[in-house]
Amino acid sequence: MIQRLCVLGVGLIGGSLALALKRSGAVSEVIGYEKDPLYRAKALSLGIIDRAEVCLAEALRGAEVVVLAVPLGGMEGLFQQMAPHLKPEMVVTDVGSVKGSVVTAARAELGTRIVDFVPGHPIAGTEKSGPEAAFSDLFCLHKVILTPLPENRPGAVETVRRMWHQAGAEVVEISSAYHDQVLAGVSHLPHVLAFVLVDLLAKVGEPQDTLQFAAGGFRDFSRIASSDPTVWRDICLANREPLLALLDHFEAELHTVGEALRHGDGGKLAEIFARAKAARDTHYNA
Ligand SMILES: NC(=O)C1=CN([C@@H]2O[C@H](COP(=O)(O)OP(=O)(O)OC[C@H]3O[C@@H](n4cnc5c(N)ncnc54)[C@H](O)[C@@H]3O)[C@@H](O)[C@H]2O)C=CC1
Ligand SMILES: O=C(O)C(=O)Cc1ccc(O)cc1
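As the structure is a computational prediction, the values presented were derived from the model and not from experiment. (Residues numbered from 1 in each chain as written. Chains lettered and ligands numbered in written order. Predicted model: local features only at pLDDT ≥ 70, side-chain atom pairs only at ≥ 80, totals over all residues. Heavy atoms only, no water.)

Caption draft 1: Highlighting the pairing of strand 9 (residues 170-173). As paired strands, strand 8 (residues 143-146) and strand 9 are joined by four bridges and run parallel to one another. Across the sheet, residue Val144 finds its bridge partner in strand 9, namely Val171. With helix 6 (residues 154-166) bridging strand 8 and its parallel neighbour strand 9, the resulting β-α-β unit is right-handed. (Pairing = 2+ DSSP bridges. Helix = DSSP H or I, 4+ residues; strand = E, 2+ residues; numbered from the N terminus. Right-handed = clockwise from strand over helix to strand, strands pointing away.)

Caption draft 2: Layout of the UniProt feature "domain: Prephenate/arogenate dehydrogenase" (unreviewed entry) in the protein chain. As annotated in UniProt, the feature "domain: Prephenate/arogenate dehydrogenase" (unreviewed entry) corresponds to residues 3-286 in the numbering used here. Taken as a whole, residues 3-286 contains 53% helix and 13% strand, while its terminal C-alpha atoms sit 42 Å from one another. (UniProt positions renumbered as here; feature names shortened; annotations may be inferred.)

Caption draft 3: Just the packing of aromatic side chains, in detail. Enumeration over the complete set of coordinates arrives at two aromatic pairs. Note on Phe79 and Phe117: the rings are 5.2 Å apart at their centroids and 80° apart in plane angle, and the pair reads as edge-to-face. Of the two residues, Phe79 sits in helix 4 (residues 75-82) while Phe117 sits in strand 6 (residues 117-118), which places them 38 residues apart along the sequence. For Phe117, a relative accessible area of 0% puts it in the buried group. Aromatic side chains Phe139 and Trp164 sit 4.9 Å apart centroid to centroid with 80° between the ring planes, which places their arrangement in the edge-to-face category. With Phe139 in the loop between strand 7 (120-122) and strand 8 and Trp164 in helix 6, the pair connects residues that are 25 residues apart, well separated along the chain. Taking the relative accessible area as the measure of exposure, Phe139 reaches 0% and is therefore buried. Since its relative accessible area comes to 0%, Trp164 is described here as buried. (Phe/Tyr/Trp six-rings, centres within 6.5 Å; stacked < 30°, edge-to-face > 60°. Buried < 20%, exposed > 50% of the residue type's maximum accessible area, 1.4 Å probe, protein only.)

Caption draft 4: Broad picture of the domain arrangement of the protein chain. One can read the domain layout of the protein chain as domain 1 (2-174) and domain 2 (178-284). Here domain 1 and domain 2 have C-alpha centroids that lie 30 Å from each other. On the domain 2 side, the residues contacting the 16 residues of domain 1 number 15 residues. The junction of domain 1 with domain 2 conceals about 1,200 Å² of combined surface from both sides, 68% of it contributed by carbon and sulfur atoms. In this assembly, domain 1 and domain 2 are joined by one salt bridge. Arg223 is paired through a salt bridge with Glu127; the nearest N and O atoms lie 2.6 Å apart. Between domain 1 and domain 2 we count six residue pairs in polar contact (both at pLDDT 80 or more) in total. (Domains from an automatic or database assignment. Contact = heavy atoms within 4.5 Å. Buried area = accessible area lost by both parts, 1.4 Å probe. Salt bridge = Lys/Arg side-chain N within 4 Å of Asp/Glu carboxyl O. Polar contact = N/O pair within 3.5 Å; in protein donor to acceptor, adjacent residues only side chain to side chain.)

Caption draft 5: Representation of helix 7 (residues 176-204). In this model, helix 7 (29 residues) spans 40 Å end to end at C-alpha, consistent with the 42 Å of a helix rising 1.5 Å per residue. Along its length, helix 7 shows its largest kink, about 55°, at Ala184. Within helix 7, the full set of buried residues consists of His179, Asp180, Leu183, Ala184, Ser187, His188, Leu189, His191, Val192 and Ala194. (Expected span 1.5 Å × (residues − 1). Bend = angle between axes of the 7 residues up to and from the residue.)

Pasting the structure below:
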């Protein structure tokens, strides 16, 4: 049982974690540190947090576990501001979608307290944001990736592992470098593609005219283009190297498709489409 949890950034992910832990009885009290006054009030009225603090030192006081749940661009500043207020045995974790940049910032700012910072990333979310979008089931049966550091105190890793387990998630551990490479492919590039396609369609015609003719496939593919632009700007910048490498690769593959179309090469198109269908079916329909 966590006696006091401090959530920095009470939006979709921070809010959902607080609700999940409250529902399972895994936390006694949740303190919220949230920069947006409207979100602060909403999180209180929805019962996501028990107390809102506008002073970071006050928010951290007496917390057993601190969770950074702000967009990636805000992580380094928070590490810097929180460092003087961290007490021994206070466990700190984050939910950022990129791990290398968060680990670099934590190492730069936390000094010896790095032993109790355990990087994390729930592989669950939606295209919505803010406390009103939070719900207690979000992490049920979803994976949470931890990328523990060699410096970590084993007890700190165990505390974070137990917290996510109590929120309903399955916890796995991998390295932060591998995490960032894999997530560039299964999450970051797909979001970029969805944003770019919807932007392109919006530029060439009035969306209300053209989207009325879209079927379910377009709705499925484009849903993530409704995600928060700040959150996604930060993710792309934080993971720019793996994302750029993959984008180059993707451009080359698109060029191959373009050439096949230009030459009426149906065999090539069918070969690519069949390989993709087999890979997806094997994973989802197994
Ligand atoms: N959206 C998603 O589906 C997922 C997001 N993540 C990660 O979770 C983190 C949060 O994302 P969301 O919950 O989606 O965003 P969100 O926009 O719903 O929540 C972020 C909250 O942090 C607050 N905030 C921003 N800067 C702050 C600061 N310096 N101090 C205090 N509060 C601050 C915002 O006002 C907002 O309420 C991001 O790092 C993102 O990469 C991880 C998994 C899934
Ligand atoms: O909306 C969706 O389906 C997502 O893909 C949510 C999501 C967004 C960011 C993450 O780091 C993890 C999951």
